[in-house]
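Per-entry structural report
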Amino acid sequence: MAGSVCPDDRWAWVEVDLAALRRNTRAFKGLLEPGVKMMCVVKADAYGHGAVRCASVMRSAGADQFAVATVQEGVELRKGGIQEPILVLSEPPETCVKTLVDYDLMPSVYDADFALALGECAASAGKVARYHLAIDSGMTRIGVRREDVVELRRTIDFHRGLECAGMFTHFATADVIDDWDFSLQLNRFNEAVQAVREAGLSTGLVHCDNTPGTVLHPECHYDMCRVGIGLYGLQPAETTAPRIQLEPVMSVRGRVTRAIYPQVGDGVGYGLTWRVPKKNMQVATVPIGYADGLARELSNNMEVLVNGMRCRQVGRICMDQFMFAVDVNNARAYRPASPVSQGDVVTVIGADGDEQITADDMAALRATINYEVVCDFGMRLEKIYV
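About the criteria used
- Residues numbered from 1 in each chain as written.
- Predicted model: local features only at pLDDT ≥ 70, side-chain atom pairs only at ≥ 80, totals over all residues.
- Heavy atoms only, no water.
- Phe/Tyr/Trp six-rings, centres within 6.5 Å; stacked < 30°, edge-to-face > 60°.
- Helix = DSSP H or I, 4+ residues; strand = E, 2+ residues; numbered from the N terminus.
- Buried < 20%, exposed > 50% of the residue type's maximum accessible area, 1.4 Å probe, protein only.
- Expected span 1.5 Å × (residues − 1).
- Arc of directions from axis to C-beta.
- Contact = heavy atoms within 4.5 Å.
- Polar contact = N/O pair within 3.5 Å; in protein donor to acceptor, adjacent residues only side chain to side chain.

A word on the packing of aromatic side chains
Taken as a whole and judged by the stated rule, the model has three aromatic pairs. Arranged with centres 4.4 Å apart and planes meeting at 55°, the rings of F171 and F182 form a pair that is tilted. Placement of the pair is F171 in the loop between β8 (162-168) and α8 (180-198) and F182 in helix α8, with a sequence separation of 11 residues. These aromatic residues form a ring-pair network of at least three members: Y47, Y232 and Y371.

What about the environment of A27?
For A27, the location among the structural elements is in helix α1 (residues 18-29). The class for A27 is partly exposed, based on a relative accessible area of 27%. With 203 residues separating them along the chain, A27 and G230 place their C-alpha atoms 9.6 Å apart.

Quick word on α1
Over its 12 residues, α1 runs 16 Å from end to end, which matches the ideal 16 Å to within 8%, given 1.5 Å per residue. Among all positions of α1, only L18, A20, L21, N24, T25 and F28 are buried. One side of α1 holds all its buried residues, which, seen down the axis, span an arc of 155°. On the buried face of α1, the contacting elements are β1 (12-16), β2 (37-41), α3 (51-60), α9 (211-216), β10 (224-227) and β21 (382-385). Where α1 begins, the capping side chain belongs to D17, and its oxygen is found 3.1 Å from the backbone nitrogen of A19.

This is how it looks when you write it as structure tokens:
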């Protein structure tokens, strides 16, 4: 760990293992039958891992298309050299139709006025705007309901500036085995697709499986699967873990900026919520805080790794820094026996020697999901690709 590369201007960073990312992408591609496309989801800056760099690796490992959450995320991919089809996973405002056309981004469509505005913009530029029709099959988030799908398509399909490139829905419970709600959503989606076909209209690529669906429901891989969190080595649910082996891609590390031996009784951090209980205890500081994604609610309730050992975080986590304790006498509550020094590498998420802290470990402490943990760490910390 002593040789870990870090930014020149701050001893705090996210490490992204591109080889692990490549292996995970290939593992998901291997689940698909020949001819089934894989759409890799790189929204939220690839869940905090860096969208352009990750998309480039995914492309080389079998990605056919990409998906983002916002128009600007799609523009970033285009400017970064990604030429594959890019789906925006929601319907943006009409005010951005020119950007969609200029950068050849496919929006989700479920409103006729938006679709017609998109078509007008494309036609005036001598282009055809491709879109994916979003179906609300029961999650009640976005999309057109199945009973309205043919009417919507007939309202917009006359336009020479529009082309339906796909139909999709999103499952709320794809991670639950033998779930009634999943079956209901799938049936509603299938009915919508069938209605469009019976009306003599094109469906484009039909897709509904998200990450857990791709693993657990091969019967509805259809034309394409949308894979997200699993690409980054994180399981979307306990049910998928026995079915596919993944490697974590993100590690979060920093270096010790200060290590001292305070007096017994000295307090640490805002509010002095922890005090030094005995002699020969170090308190060390690391420049990672809640503005970097290390949630303040973890204060006095988490561990970090340093020199292959676990250390207890102490005091309130600050906006830009946190502290941890080292018991040089190896008291059981604090564990490490050897002192730390300025510059020592501290692992917040990742492996150090035989020890490991995962995004799932941190998610459990925060009562949230691994998705939120990695997205949070990607907001401000510089990314180092290894």
